[in-house]
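Coordinates in review
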Amino acid sequence: MFGSRGDPAEQRSRMVDRQLRARGIRSEAVLDAMGRVPRERFVPPGQSSSAYMDQALPIAEGQTISQPYMVAVMTEALTLSESDRVLEIGTGSAYQTAVLAALAREVFTVERIPRLLAEAERTLEEMDISNVHIRLGDGTLGWPEEGPFEAILVTAGAPDVPPGLKAQLTPDGGRLVIPVGGRAVQNLLRVTREGEEYRAEEILACRFVPLIGAEGWGSTDRG
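An account of the accompanying structure is given in this report. Everything quoted here is computed from the prediction, not taken from an experiment.

Turning our eyes to something else, we now look at empty space enclosed by the protein. Inspection of every chain in the model, using the stated rule, returns 1 cavity of 30 Å³ or more. Estimated volume of the largest cavity: approximately 370 Å³. In terms of lining, the largest cavity is formed by 29 residues, of which the most central are G90, T91, G92, E111 and T155. Breaking the lining of the largest cavity down by element, the ones donating at least two residues are β2 (64-65), α3 (68-77), β3 (85-89), α4 (95-101) and β4 (106-111). Looking at the lining of the largest cavity residue by residue, the class counts come to 14 nonpolar, 12 polar and 3 charged.

Shown next as structure tokens:
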């Protein structure tokens, strides 16, 4: 773990080497993207010195910006190509969004909290990231009018895989990466669609904020 030693570019380089490459991230495209996206731009004011620590950090509205390693694991699991269209559920700080935008043709991202959406839009605009489309809504329902998508990434923990998201995958190998389990602890899954068949693979244990919505947790559910 490291905090404010060196300038942000040096911190990003150490993050890539020590937190990602050394722990098994192999995709050079993902490593390159995370070495270029300035994570310090996505953390709350006053926390820039903590931006490259090996941990999740709190942001507004009780949400988090994920640990860099988890961002890398989830992004690598999507096996993105430059022609892919990606749906992201849970924009949050938009750090994961920016990493996806560096790898894919277009990113469609849905956020349910107005304040986070406004801040994410502002950050992406300031960074001149133009291949991201963002809207306010129930992410568990996806963005069906823009589907199907080659890849879908869910950045919150769900009790089950939402049927609506599975249906929005391309039928010829679309990939959905999602944490599934209880509200406190989940397993990260990759679901691959082939026609009307869906194959699920477990990647690792994880801990995300709950996925709230019609096909996720209700706001008062416990589990």
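After that view, the rundown keeps rolling.
Counted under the stated rule, the structure contains 3 aromatic pairs. An aromatic cluster of at least three residues, connected via ring pairs, comprises F108, W143 and F149. The ring of Y69 carries the charged tip of R23 above its face, separated from the ring centre by 4.2 Å. Lying across the ring of Y95, R39 places its NZ or CZ 5.0 Å from the centre.

Before going further, it helps to spend a moment on helix α1 (residues 8-20). Looking at α1, one finds that the buried residues are Q11, R12, R14, M15, V16, Q19 and L20. The elements touched by buried residues of α1 are α2 (28-36), α3 and α4. A distance of 3.2 Å separates the backbone nitrogen of A9 from a side-chain oxygen at the start of α1, and that oxygen is part of D7.

Covered by surrounding structure in strand β6 (residues 151-154) are A151 and L153 together with I152 and V154, the residues of both alternating faces. Sheet topology note: the β3/β6 ladder contains 4 bridges and is parallel. Note on β6: the bridge partner recorded for L87 is I152. By the bridge criterion, 3 bridges tie β6 to strand β7 (residues 172-181) in an arrangement that is parallel. Opposite I152, over in β7, you have L176 as the bridge partner.

Counted according to the given criterion, the structure contains 16 salt bridges. Between D54 and R23 there is a salt bridge, with its nearest N and O atoms 2.8 Å apart. Here D54, found in the loop between α2 and β1 (57-58), pairs with R23, found in the loop between α1 and α2; they are 31 residues apart in sequence, far enough to count as distant. Classification of R23 as partly exposed rests on a relative accessible area of 35%. We note a salt bridge from E201 to R199, for which the minimum N-O separation is 4.0 Å. Judged by relative accessible area, which is 47%, R199 ranks as partly exposed. Among the charged side chains, a network of salt bridges with common partners joins R85, R105, E106 and E146.

Cut-offs used in this document
Residues numbered from 1 in each chain as written. Predicted model: local features only at pLDDT ≥ 70, side-chain atom pairs only at ≥ 80, totals over all residues. Heavy atoms only, no water. 1 Å grid on protein atoms, 1.4 Å probe; cavity = no way out; pocket = protein on both sides within 12 Å on 5 of 7 lines; lining within 4 Å. Points joined across faces, edges and corners; volume = space filled by probe spheres on them. Helix = DSSP H or I, 4+ residues; strand = E, 2+ residues; numbered from the N terminus. Nonpolar A, V, L, I, M, F, W, Y, C, P; charged D, E, K, R; others polar. Phe/Tyr/Trp six-rings, centres within 6.5 Å; stacked < 30°, edge-to-face > 60°. Lys NZ or Arg CZ within 6 Å of the ring centre and 35° of its normal. Buried < 20%, exposed > 50% of the residue type's maximum accessible area, 1.4 Å probe, protein only. Contact = heavy atoms within 4.5 Å. Polar contact = N/O pair within 3.5 Å; in protein donor to acceptor, adjacent residues only side chain to side chain. Pairing = 2+ DSSP bridges. Salt bridge = Lys/Arg side-chain N within 4 Å of Asp/Glu carboxyl O.

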